[in-house]
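# Reading the structure
Each chain is listed here by its residues.
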Amino acid sequence: MALDREALALCPVGHTDRSSSLNNLAVQLSTRFSHQGNDGDLDEGITLHREALALRLVGHTDRSSSLNNLANRLSTRFSHQGNDGDLDEGYHTSQGSAGFAPGNDGDLDEGIALHREALALRPVGHTDRSLSLNNLANQLSTHFGQQRNREDLNESRENLCCALTLLTQHDPRQLNVHLSLADVHLSFHHSRLDSTSPGEDPDSLTVSMHHLKAAANVVSAGLRPRLRASLHWIHRASQYSHGTELKAYATSMQFLDAFMSATASVSSRHSAMKEFPRTLAMDAASCALRSVALMKKFRDLSSLLDKPPASNPEGTANVSIEAEAARYRHLVDEWNRAVEEIRKIEGFSRFLLPPLFSDLQAAAHDGPIIVLLASESSCNAIIIPHLQPPTSIQLPTTLEKLQALVDKLQGASEAALKKTLMELWDNVVGPVVENLGRFAQRGSRIWWCPTSVFNSLPLHTAGEYNREHGQFLSWLYISSYTPSLTALIKARKSLDRSLPVPFVVIGQNLPDGASHTLYGVEPELDLVQSLISPLPSVLFTKITSDDATKSRALRALRDNTWLHFACHGIQNYEEPFKSAFLMRDQPLSLVDITQMDLSRHEFVFLSACETAVGDPSTPDEVIHLAAGLQFAGVKSVVGTLWEVDDGTVGCLVKAFYRTLCGDGKMNSKRAAQALHRAVQSLASDKDIPLEQRIVFIHIGI
């Protein structure tokens, strides 16, 4: 930006390159506006584009480009501020007429006439003829919306078809033409003007969906535009309940997976996901569940790495689209050969392919997994047993009702909490329990795999609290959670039985920036030490106070396979990967944790606030500290849903470790049962409120 301003200063009025410098700075201001939303940048960019246009008189080779740039920016300002004058002037400049007056049908007619004139100046063979055809077609379509004249739609369609024939097979501009054709055919459908001519498809809606699919399949356009086109396809197919809806979802999921694969870091992937619908995966699953015959197609979603070729903006000179397409095809061929070679390596046969459902079922080896899905169309539970086919249950609730349950949990009194947990039983957990008897015996283990809003609900503690002889999930089954089936499979791959067991407790009672001391930390560490250090199979280490720094905690996390954290934890809802344990000098964040290989780690106890609170905006898998540890490889994790009292922690920690290793043996697979019994032991203590008895959850094997 600064360099463009300096260049403009060196091109005073009268300089031959001033219009180019004006245009360059305006483009940079527009780019910054798109990132920061500063109205001043947009207004200044428009002013500079106007000045550039004034210097490019009729006959100037770049006048059409300046007209287009100014029109686009005016349209942007109209969308941003709702200024009708900008919209009208945007139409005017894109047509190339300085005297186009807004406000009536005559203006639109003049715009169409100017587009026809521009088209006449771009005969067959001109590189921008297809662009003029597309512009004229779009204006004719707009004119149809005003006058309802079928001839406008017919001519619009003909021009778009001509534009398509002028573009080569690998021209990225095909995507926009297909999208325009889809809109035109939707106009035919809305107006009940479906063609009845011989040889033409009478169903304009089907033709529209065909063009949306074709737009998504223009490989040379790049992943992001194709992904957006596929989302438009989903919207239209869902709006009209068209048969291509599931295919549209499958295509979007494939593109989204490839787009994420090309994004560098875990945190940047999470940020990139916010550009797209957060319920995409759940909506796709819901769509598949609505048609059992199509479920296998949905499971066949693939992950194909794809990198778009360089774009070819309007006005760029001497750019060979064919040469770029050839280069791109060569790169794709090389990439395909490399992938095939990788798949020949033992253990990599499914490289960049989705896991088989039979492989995912391995996650249910020790008990059924209940996947919970919430979308605008339906809420479902899928029970996945180890060897039997999955069972789908449509839950008697909606996304709005589930969000209302989450809201009721915030600051609820004991009576209100019990009522909310009863609603959770009636609408979610109860219907699942009714179907679990075929897959799990009473007292056995089950795993919850929640998505979307389900991540914020304490499923493990649902029950009929205010009913005589009511049922409670905790009386029937031992509940654990998992952020995904693959995370659970990974956690089960190997168990470290080597001795001695390296066990470290890390406590920080006065972290950086804290205004008060956490007085419960030191007593908790002393309690754990009294229970664990006497065991002959344990190599015990204690890190606390000034020693509990970020770097020391990271080393301890690397060198010990059993850990107990007693500190303050924070959940960052805006950027979940910045959620962290607060150490003496600086936070130990989720990003730090996920970058480590913890595949040998057996167990982590997180005695810190908010370590298992999910991000409500996360598209599918939950992101929090406890889940991050399991993703990194830890087999078994205990975390907290919300703030926990020191007294509750002391009682639970004592009961937990006595059950877990009372016989002198360290086995992380017993953590869920140990937590279950410890929580039950708290039930008899009437001084501990319900919201404290249900705060701890187990994640993993």
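Look a little higher up for the structure.
Computed from a predicted model, the values in this text were never measured in an experiment. (Residues numbered from 1 in each chain as written. Predicted model: local features only at pLDDT ≥ 70, side-chain atom pairs only at ≥ 80, totals over all residues. Heavy atoms only, no water.)

It is worth spelling out the overall build of the protein at this point. On a plain count of helices and strands, the protein comes out with 28 helices and 14 strands. Once local pairs closer than 6 in sequence are excluded, the contacts in the protein between residues at least 24 apart make up 68%. If you sum the accessible surface of the protein, you get close to 32,300 Å²; carbon and sulfur atoms cover 52% of it. (Helix = DSSP H or I, 4+ residues; strand = E, 2+ residues; numbered from the N terminus. Contact = heavy atoms within 4.5 Å. Areas by Shrake-Rupley, 256 points an atom, 1.4 Å probe, with all protein chains shown as cover.)

This next bit is on the packing of aromatic side chains. Tallying each qualifying case throughout the model produces 13 aromatic pairs. Their ring planes at 35° and their centres at 5.9 Å tell us that phenylalanine 605 and tyrosine 657 sit as a pair that is tilted. On the criterion of sequence distance, the pair formed by phenylalanine 605 in strand S12 (residues 603-607) and tyrosine 657 in helix H26 (residues 646-661) is long-range, its members being 52 residues apart. Taking the relative accessible area as the measure of exposure, phenylalanine 605 reaches 0% and is therefore buried. With 5.7 Å between their ring centres and 50° between their planes, phenylalanine 605 and phenylalanine 696 make a pair best called tilted. On the criterion of sequence distance, the pair formed by phenylalanine 605 in strand S12 and phenylalanine 696 in strand S14 (residues 696-700) is long-range, its members being 91 residues apart. Summarising the burial analysis for this pair, phenylalanine 605 and phenylalanine 696 share the class buried. One Lys or Arg, arginine 492, reaches over the ring of tryptophan 447 and ends 4.9 Å from the middle of that ring. (Phe/Tyr/Trp six-rings, centres within 6.5 Å; stacked < 30°, edge-to-face > 60°. Buried < 20%, exposed > 50% of the residue type's maximum accessible area, 1.4 Å probe, protein only. Lys NZ or Arg CZ within 6 Å of the ring centre and 35° of its normal.)

This part is about the pattern of salt bridges. Applying the stated rule across the entire model yields 14 salt bridges. A salt bridge links glutamate 44 to arginine 5; the nearest nitrogen and oxygen atoms lie 2.8 Å apart. Pair noted here: glutamate 44 is in helix H3 (residues 39-55) and arginine 5 is in helix H1 (residues 2-9), with a separation of 39 residues, a long-range link. Note that glutamate 51 is salt-bridged to arginine 18, the shortest N-O span being 2.8 Å. Here glutamate 51, found in helix H3, pairs with arginine 18, found in helix H2 (residues 18-36); they are 33 residues apart in sequence, far enough to count as distant. Overlapping salt bridges bring together Asp366, Arg492 and Lys669 as one network. (Salt bridge = Lys/Arg side-chain N within 4 Å of Asp/Glu carboxyl O.)

Where helix H9 (residues 174-190) meets helix H10 (residues 204-216), the closest approach of the two axes is 8 Å, and the angle between their N-to-C directions is 165°. Accordingly, the angle class assigned to the pair H9 and H10 is roughly antiparallel. For the element pair H9 and H10, the recorded crossing hand is left-handed. Here Leu175, His178, Leu179, Leu181, Ala182, His185, Leu186, Phe188 and His189 of H9 come into contact with H10, specifically with Ser204, Leu205, Val207, Ser208, His211, Leu212, Ala214 and Ala215. (Axes fitted to C-alpha atoms, helices over the stretch in contact; angles between N-to-C directions. Parallel < 35°, antiparallel > 145°, perpendicular 65-115°, else oblique. Left-handed = near helix turned anticlockwise from the far one by under 90°.)

Checked against the element boundaries, serine 180 lands in helix H9. Serine 180 has contacts with Asn134, Asn138 and Leu160, leaving out every residue within four places of it along the chain.

Below, the discussion takes up helix H27 (residues 671-682). If you check H27, its first and last C-alpha atoms are 17 Å apart, about what twelve residues at 1.5 Å a residue would give, namely 16 Å. Regarding H27, the residues found buried are Ala671, Ala672, Ala674, Leu675, His676, Ala678 and Leu682. (Expected span 1.5 Å × (residues − 1).)

All right, on to the pairing of strand S1 (residues 369-374) then. The buried count for S1 comes to six of six residues, which makes it a mostly enclosed element. Counting the residues that bridge the hairpin from S1 to strand S2 (residues 379-384) gives four residues. Strand direction decides the pairing type here: S1 and strand S4 (residues 445-450), joined by four bridges, are parallel. By the bridge assignment, valine 371 is partnered in S4 with cysteine 449. (Pairing = 2+ DSSP bridges.)

All right, on to the sheet that holds strand S10 (residues 580-582) then. As summarised here, the arrangement of the three strands in space is S9-S10-S11, forming an open sheet in which the pairing is antiparallel. Pairing within the sheet leaves two strands with one partner each, and these edge strands are strand S9 (569-570) and strand S11 (587-589). In this structure, S10 lies alongside S11, joined through three bridges in antiparallel fashion. Across the sheet, the residue bridging to phenylalanine 581 is leucine 588, located in S11.

Okay, the pairing of strand S6 (residues 501-507) next. Of all seven residues making up S6, seven are buried, and the element is well covered by its neighbours. Taking every second residue as pointing to the same face, both faces of S6 are buried, with Val501, Phe503, Val505 and Gly507 on one and Pro502, Val504 and Ile506 on the other. Bridging between S6 and strand S7 (residues 538-544) involves seven bridges; their strand directions are parallel. What sits directly across from proline 502, in S7, is leucine 539. Note on the crossover from S6 through helix H22 (residues 521-532) to S7: the handedness is right-handed. Note that S6 and strand S8 (residues 562-566) share five bridges and pair parallel. Bridge pairing in S8 links isoleucine 506 to phenylalanine 565. (Right-handed = clockwise from strand over helix to strand, strands pointing away.)

The next thing to look at is the side chain of glutamate 464. You can see glutamate 464 is positioned in the loop between S4 and helix H20 (473-476). A residue is classified by how much of its surface remains accessible, and glutamate 464, at 15% relative accessible area, is buried. The residues touching glutamate 464, leaving out its near neighbours within four places in the chain, are Met422, Trp425, Gly470, Gln471 and Phe472.

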